[in-house]
Amino acid sequence: MKLTILGGGGFRVPLVYGALLADRAEGRVTRVVLHDVDAGRLTAVARVLGEQAAGDPDAPEVSFTTDLDDALRGADFVFSAIRVGGLEGRAADERIALDEGVLGQETVGAGGIAYGLRTVPVAVDIARRVARLAPDAWVINFTNPAGLVTEAMSRHLGDRVIGICDSPVGLGRRIATVLGANPREAFIDYVGLNHLGWVRGLRVEGRDELPRLLADPGLLGSFEEGKLFGADWLQSLGAVPNEYLHYYYFNRETVRAYQRAEKTRGAFLRDQQGRFYEEMKLPDTAALTAWDRTRAEREATYMAENRDAAGAGERAADDLSGGYEKVALALMRAIARDERTTLILNVRNRGTLAVLDTDAVIEVPCLVDANGAHPVSVAPLPDHATGLVCSVKAVEREVLSAAGSGSRSTAVKAFALHPLVDSVNVARRLVDGYTSVHPGLAYLK
């Protein structure tokens, strides 16, 4: 089975390859093709993968190319983890927004809109190529903003594109662990959009254990989301939000924390990974050791400003090991081998949430089998969550419209309608700022 990884020179690729190495079952991936626009990054990552596979005669074969069509031909699965504009683009997204006093995070607020506007046209081109060159392939999308990009690709690939994210998985694991349950045996009642969802129940052997957690301030304060949001707020909500909702519920505090930071997250990662790729140019560098060291620092500093603003302290050790690669492997195995499982995924709504249309991509538990991912029926969202989900989905639709039409005024509308952008004039200045630094937004007229 052939797996093509788009963004194959990306820093997280060894996590995916490590998961593949651990899979010894019949029908596993035997060939991995890495694609990237940067040949130097491909060479660096291929060195890390070579050291990972050292001494393993059954390791999946690895090749790499800068030719997208060659990479896609014959693929059974396409894993898309591209970053249009690179980390330099992310750093610019964050800084331009913060200069206007609004959030510039990669997937949330102004930064997420800017990233989406320059990513959607590229993702759509990829989807069209997959439809032409590998029509039987399944696309697993991790490219951010994951829900928005998955919806853009689904307009050309239908249900054969599925978005994944490790945030709901980590959240469910933490809640189950705090409650003394085995995360593998718990059903997580989670619903929303990517980076905008809530755990409303955790069922073990048919019993919902979440009320027990919400009734105990001590338990609530013992894991990351409890520390971020505070026990009182979680009890008021009657649910546990995805960590990214901290940007909404504590927006002023977060913006101030990001403005005070020495570097934005994008600038930090740009410099950190830049050092890694420079180090990899040296022939005597221990590639896997260098990658492990860089990854550990990256994970330890994730959402550091949010934790500082909330006084939440350091990340727990269990949260430093990644997770999306496990979701990707479980998804591929379920489809390729009909190993039925339940995963929280980004898929088309298909009537699951009545407040959204059938083609809107949402993030919910899905039953996965050889025919793909099928969203599980869920109860309606409470009014406060419904309002936020509908508002952000409307913004995503404006982003898709602007990316398809090239309309600058529609792009302004997307920014202005976002709950975290509080002024049409700010929206206009954001579009001016982003188009001035991103060549990929030159299509906006």
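One can find the structure itself at the top, above this paragraph.
Predicted, not measured: the structure shown is a model, and the values here were computed from it. (Residues numbered from 1 in each chain as written. Predicted model: local features only at pLDDT ≥ 70, side-chain atom pairs only at ≥ 80, totals over all residues. Heavy atoms only, no water.)

*Asks:* Explain the overall build of the protein here, please?
*Replies:* For the protein, the count of helices and strands is 20 helices and 13 strands. Each of the three principal axes of the protein carries a C-alpha extent, and together these read 55 × 55 × 45 Å. For the protein, the residues scored as buried account for 59% of the 445 residues in total. If you take every contact in the protein between residues at least 6 apart in sequence, the share linking residues at least 24 apart comes to 70%. Summed over all atoms, the accessible surface of the protein reaches about 17500 Å², with 50% contributed by carbon and sulfur. Positive and negative charge centroids in the protein, built from 51 and 59 side chains respectively, lie 3 Å apart. (Helix = DSSP H or I, 4+ residues; strand = E, 2+ residues; numbered from the N terminus. Buried < 20%, exposed > 50% of the residue type's maximum accessible area, 1.4 Å probe, protein only. Contact = heavy atoms within 4.5 Å. Areas by Shrake-Rupley, 256 points an atom, 1.4 Å probe, with all protein chains shown as cover. Lys, Arg positive; Asp, Glu negative; His and termini not counted. Charge placed at Lys NZ, Arg CZ, Asp CG, Glu CD.)

*Asks:* Would you mind going over the side chain of Asn242 with me for this structure?
*Replies:* If you trace the backbone, Asn242 turns up in the loop between strand E10 (240–241) and helix H12 (246–249). A polar contact is formed between the side chain of Asn242 and the side chain of Tyr190, at a distance of 3.1 Å. Beyond its immediate chain neighbours, meaning those up to four positions away, Asn242 contacts Ser167, Pro168, Leu171, Tyr190, His195, Gly197 and Phe229. (Polar contact = N/O pair within 3.5 Å; in protein donor to acceptor, adjacent residues only side chain to side chain.)

*Asks:* Can you help me understand the pattern of salt bridges in this one?
*Replies:* Under the defined criterion, the tally for this structure stands at 37 salt bridges. Here Glu398 ties to Lys413 by a salt bridge, and the two come within 3.3 Å at their closest N and O atoms. Of this pair, Glu398 sits in helix H18 (residues 383–405) while Lys413 sits in helix H19 (residues 408–417); the two residues are 15 residues apart in sequence, bridging distant segments of the chain. When its relative accessible area of 16% is taken as the criterion, Glu398 is described as buried. A relative accessible area of 42% places Lys413 in the partly exposed class. (Salt bridge = Lys/Arg side-chain N within 4 Å of Asp/Glu carboxyl O.)

*Asks:* Explain helix H17 (residues 324–337) here, please?
*Replies:* Because an α-helix completes one turn every 3.6 residues, residues spaced three or four positions apart along the sequence face the same direction. Here H17 spans 20 Å end to end across 14 residues, near enough to the 20 Å set by a 1.5 Å rise per residue. Counting buried positions along H17 gives 10 out of 14 residues, so the element sits mostly inside the fold. Listed in full, the buried residues belonging to H17 are Tyr324, Glu325, Val327, Ala328, Leu329, Leu331, Met332, Ala334, Ile335 and Arg337. Where H17 terminates, the next one or two residues include Asp338, which has phi positive at roughly 55°. (Expected span 1.5 Å × (residues − 1).)

*Asks:* Which parts of the structure should I look at to understand helix H7 (residues 167–178)?
*Replies:* In this model H7 runs 17 Å from its N-terminal to its C-terminal C-alpha over 12 residues, within 8% of the 16 Å that 1.5 Å per residue would give. Burial in H7 covers these residues: Ser167, Pro168, Gly170, Leu171, Gly172, Arg174, Ile175 and Ala176. Within two residues after H7, Gly180 carries a phi angle of roughly 75°, on the positive side.

*Asks:* Whenever I open this one, the pairing of strand E12 (residues 361–369) confuses me. Can you help?
*Replies:* Residues in a regular strand point their side chains to alternate faces of the sheet. With 8 of 9 residues buried, E12 is to be regarded as a mostly interior element. Summarising the sheet, strand E11 (residues 341–348) and E12 pair through 8 bridges and their orientation is antiparallel. Looking across to E12, one finds that Thr342 is bridged to Leu367. Judged from the 4 bridges that link them, E12 and strand E13 (residues 372–375) form a sheet pairing that is antiparallel. Note that in E13 the partner of Asp369 across the bridge is Gly372. Linking two consecutive strands that pair antiparallel, namely E12 and E13, is a turn of 2 residues. (Pairing = 2+ DSSP bridges.)

*Asks:* I tried to follow the packing of aromatic side chains on my own but got confused; where do I start?
*Replies:* Each aromatic ring pair is summarised here by two numbers: the centre-to-centre distance and the angle between the ring planes. Considering all chains together, one arrives at 12 aromatic pairs under this definition. With a centroid separation of 5.9 Å and 35° between ring planes, the pair formed by Phe11 and Trp291 is classed as tilted. Taken together, the residues Phe11 in the loop between strand E1 (2–6) and helix H1 (13–21) and Trp291 in helix H15 (residues 287–300) connect sequence positions 280 residues apart. Relative to Phe142, the ring of Phe79 lies with its centre 6.5 Å away and its plane at 15°, an arrangement referred to as stacked. Linking Phe79 in strand E4 (residues 77–80) with Phe142 in the loop between strand E5 (138–141) and helix H6 (146–157), this pair joins segments that are 63 residues apart in sequence. (Phe/Tyr/Trp six-rings, centres within 6.5 Å; stacked < 30°, edge-to-face > 60°.)

*Asks:* Just checking my understanding: could you explain the side chain of Arg298 for this structure?
*Replies:* By secondary structure assignment, the location of Arg298 is in helix H15. With near-sequence residues (within four places) excluded, Arg298 lies in contact with Phe11, Arg12, Arg265, Leu269, Gln272 and Gln273.

*Asks:* For this particular structure, what's the right way to read unusual backbone geometry?
*Replies:* Residue Pro145 follows Asn144 across a cis peptide bond; omega there is -10°. In this structure, Pro145 sits in the loop between E5 and H6. Its identity is not glycine, yet His195 carries a phi of approximately 60°, on the positive side. Mapping His195 onto the fold places it in the loop between strand E7 (186–193) and strand E8 (196–204). Of note, the phi angle at Arg350 is positive, near 50°, even though the residue is not glycine. Position of Arg350 among the secondary structure elements: in the loop between E11 and E12.

*Asks:* For this particular structure, what's the right way to read the nonpolar core?
*Replies:* As a rule of thumb, soluble globular proteins bury nonpolar side chains together. Membership of the largest hydrophobic core comes to 97 residues, with the highest contact counts inside it found for Phe79, Ile164, Ile175 and Leu345. For this core, the leading source of residues is H17, giving 8 residues. Ignoring any residue separated from it by four or fewer positions in sequence, one finds Ile175 in contact with Val199, Leu202, Leu210, Leu213, Phe223 and Val240. Membership of the second largest hydrophobic core comes to 28 residues, among which are Val124, Ala152, Ala402 and Val431. (Core = buried A, V, L, I, M, F, W, Y, C linked by side-chain atoms within 4.5 Å.)

*Asks:* Can you walk me through the environment of Ala181 in this structure?
*Replies:* Within the secondary structure layout, Ala181 lies in the loop between H7 and E7. Residue Ala181 is classed as buried on the basis of its relative accessible area of 18%. Residues Ala181 and Glu209, spaced 28 residues apart in sequence, show a C-alpha to C-alpha distance of 9.1 Å. Non-local contacts of Ala181, meaning those with residues more than four positions away in its chain, are made with Ala176 and Val204.

*Asks:* Help me understand the packing of helix H5 (residues 109–133) against H18 in this model?
*Replies:* Each pair of packed helices can be summarised by the angle the axes make with each other and by the distance between the axes. Running from N to C, H5 and H18 point in directions that differ by 45°, and their axes come no closer than 9 Å. Relative to H18, the element H5 lies oblique. Crossing of H5 against H18: the hand is right-handed. For the pair formed by H5 and H18, the contact residues are Ile113, Gly116, Leu117, Val120 and Pro121 on the first element and Val395, Val399, Leu400, Ala402 and Ala403 on the second. Class assignment of the residues belonging to the contact of H5 with H18 gives a composition of 9 nonpolar, 1 polar and no charged. (Axes fitted to C-alpha atoms, helices over the stretch in contact; angles between N-to-C directions. Parallel < 35°, antiparallel > 145°, perpendicular 65-115°, else oblique. Left-handed = near helix turned anticlockwise from the far one by under 90°. Nonpolar A, V, L, I, M, F, W, Y, C, P; charged D, E, K, R; others polar.)

Treat this as a map of the structure, not an account of what it does.
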